[in-house]
Amino acid sequence: MNIPEWYRDENLPTGVDYTDITQVEVYDRRHQRFRDYGAFANHVIEAAGIQPDHTLIDLGAGTGAFVLQAASRCRMIYAVDVSKTMLAFLRQKADLRGIDNVVYCHGGFLTYDHTTAPVDAVISSAALHHLPDFWKLVGLRRVAQMLKPGGRLYLMDVIFSFKPEELHEQVEGWIDGFVKTVGEEFREEVVTHVRDEFSTFDWVMEGFLERAGFRIDSITASDTFTSTYLCTKV
Ligand SMILES: C[S@@+](CC[C@H](N)C(=O)[O-])C[C@H]1O[C@@H](n2cnc3c(N)ncnc32)[C@H](O)[C@@H]1O
């Protein structure tokens with residue numbers, strides 16, 4: 001890929017530094033306390049119509065929330081992440097479980113070069129918010145290129161669906177809610193997310209998805225901070 005000088009360097013950490021092994025271990029431990037990875041993978045597989053002969057890409061695969069659960073239910077998964085530390089951590093877990101149909105790829109929304117056949121589905125959870133808005137659109141256009149016509153995109157992320165005038169109370173409520181349910185140690189991660197990462201509003205995301213070449217089949221907001229978009233490449 002020929003990278004122009006104005007192109008964003010997606011390897012630069014934004015917010016939480018996932019190149020740091022301590023942060024990676026903390027992330028994995030904390031998130032398993034409040035997320036059910038098995039239920040998540042089941043939902044993705046059912047919603048996106050994933051079949052045993054399908055090939056998938058997980059963009060921003062992290063410690064394997066999806067990959068480790070889904071590998072046995074598809075032909076192959078490309079686990080893509082800008083953090084080599086994340087990829088090594090994921091690989092170690094997958095090897096321990098005897099998972100051998102994962103291809104580990106260092107790259108991201110802006111640089112991953114998918115040179116083999118277009119895939120049946122792309123999954124991305126809690127990763128796109130690492131890009132500022134302009135670059136989200138660039139990344140989503142690249143995702144569309146990785147998919148077969150009619151291929152599915154399952155995009156889950158921290159996306160704001162509250163009214164802009166409620167912003168202050170909503171963010172305070174989100175931080176307090178996490179601290180109450182998951183613990184004080186979570187405060188810093190949520191504060192960092194809002195301050196240093198690039199979560200955006202749902203109405204912005206919808207425009208990006210449509211302009212990137214997707215039809216939005218469904219939008220599910222679990223709360224005013226987390227939304228899932230199930231899309232089809234048109
Ligand atoms: C919050 S973690 C989510 C990991 C995993 N998908 C999950 O659901 O637990 C965000 C992940 O996105 C990765 N990431 C950051 N910027 C990225 C980019 N531009 N393209 C792809 N992945 C990126 C990080 O390295 C990290 O592994």
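Everything quoted here is computed from the prediction, not taken from an experiment. (Residues numbered from 1 in each chain as written. Predicted model: local features only at pLDDT ≥ 70, side-chain atom pairs only at ≥ 80, totals over all residues. Heavy atoms only, no water.)

**Q** What am I meant to see in the packing of helix α5 (residues 133-146) against helix α8 (residues 202-211) here?
**A** Think of two packed helices as two axes; the pair is described by the angle between the axes and how far apart they sit. Relative to each other, α5 and α8 sit at 35°, their axes nearing to 9 Å. Between α5 and α8 the crossing geometry is right-handed. Across from D133, K136, L137, L140 and R141 in α5, the residues of α8 making contact are V204, M205, F208, L209 and R211. Grouping the amino acids of the contact of α5 with α8 by side-chain chemistry returns six nonpolar, no polar and four charged. (Axes fitted to C-alpha atoms, helices over the stretch in contact; angles between N-to-C directions. Helix = DSSP H or I, 4+ residues; strand = E, 2+ residues; numbered from the N terminus. Left-handed = near helix turned anticlockwise from the far one by under 90°. Contact = heavy atoms within 4.5 Å. Nonpolar A, V, L, I, M, F, W, Y, C, P; charged D, E, K, R; others polar.)

**Q** So what exactly am I meant to see when it comes to the pairing of strand β5 (residues 147-158) here?
**A** On a regular strand, one side chain projects to one face of the sheet and the next to the other, so that they alternate. When you tally the buried positions in β5, you get nine out of twelve residues, the bulk of the element. The pairing of strand β4 (residues 119-125) with β5 spans six bridges and is classified as parallel. Of the residues in β5, the one forming a bridge with A121 is R152. Bridge analysis of β5 against strand β7 (residues 226-233) gives seven bridges, and the strand direction is antiparallel. Bridge pairing in β7 places M156 opposite T228. (Buried < 20%, exposed > 50% of the residue type's maximum accessible area, 1.4 Å probe, protein only. Pairing = 2+ DSSP bridges.)

**Q** What should I look at first to understand the sheet that holds strand β1 (residues 55-59) in this one?
**A** Pairing between sheet strands relies on hydrogen bonds along the backbone, with the strands arranged either parallel or antiparallel. Strand order in this open sheet of seven strands is β3-β2-β1-β4-β5-β7-β6, and the pairing throughout is mixed. Each edge of the open sheet is held by one strand with a lone partner, namely β3 (102-106) and β6 (214-223). Ignoring which end each strand starts from, the neighbouring axes of this sheet average 15° apart. Docked against the sheet, α8 engages β5, β6 and β7, running at close to 155° with respect to β6.

**Q** Even after reading the chapter, I still don't get the site of the ligand, so can you show me in this structure?
**A** Lining the immediate surroundings of the ligand are 19 residues, of which E10, Y27, G60, D81 and S125 lie closest. A distance of 2.4 Å separates an oxygen atom of the ligand from a polar side-chain atom of S125. Computed on the free molecule, the ligand has an accessible area of 600 Å², of which 97% lies beneath the protein chains in the complex. Class assignment for the residues of the shell around the ligand results in ten nonpolar, six polar and three charged. (Near = heavy atom within 4 Å. Polar contact = N/O pair within 3.5 Å; in protein donor to acceptor, adjacent residues only side chain to side chain. Areas by Shrake-Rupley, 256 points an atom, 1.4 Å probe, with all protein chains shown as cover.)

**Q** Looking at this model, I keep getting lost on unusual backbone geometry. Mind explaining?
**A** If a residue is not glycine, its phi is most likely negative; likewise, a peptide bond is most likely trans. Backbone geometry at A126 places phi at a positive 55°, although glycine is not the residue there. Relative to the elements of secondary structure, A126 occurs in the loop between β4 and α5. Overall, the relative accessible area of 25% leaves A126 in the partly exposed class.

**Q** I keep staring at the packing of aromatic side chains and nothing clicks. Help me out?
**A** Two numbers describe a pair of aromatic rings. These are the distance of the centres and the angle of the planes. Considering all chains together, one arrives at 18 aromatic pairs under this definition. Site record: aromatic cluster; members linked through ring pairs are F34, F160, F162, W174, F178, F186, F201, W203 and F225. Between R30 and the ring centre of F186, over which it is positioned, the NZ or CZ distance is 5.7 Å. (Phe/Tyr/Trp six-rings, centres within 6.5 Å; stacked < 30°, edge-to-face > 60°. Lys NZ or Arg CZ within 6 Å of the ring centre and 35° of its normal.)

**Q** Whenever I open this one, the pattern of salt bridges confuses me. Can you help?
**A** Between side chains of opposite charge, pairing is possible as soon as their charged atoms come close. In total, this model carries ten salt bridges according to the counting rule given. Among the salt bridges present, the one from E185 reaches R30, with a minimum N-O distance of 3.8 Å. Separated by 155 residues along the polypeptide, E185 in the loop between α6 (167-182) and α7 (187-196) and R30 in helix α1 (residues 21-34) bring together distant segments of the chain. Accessibility expressed as a relative area gives 33% for E185, which makes it partly exposed. (Salt bridge = Lys/Arg side-chain N within 4 Å of Asp/Glu carboxyl O.)

Fair warning: the whole summary comes from geometry, so function is off the table for now.
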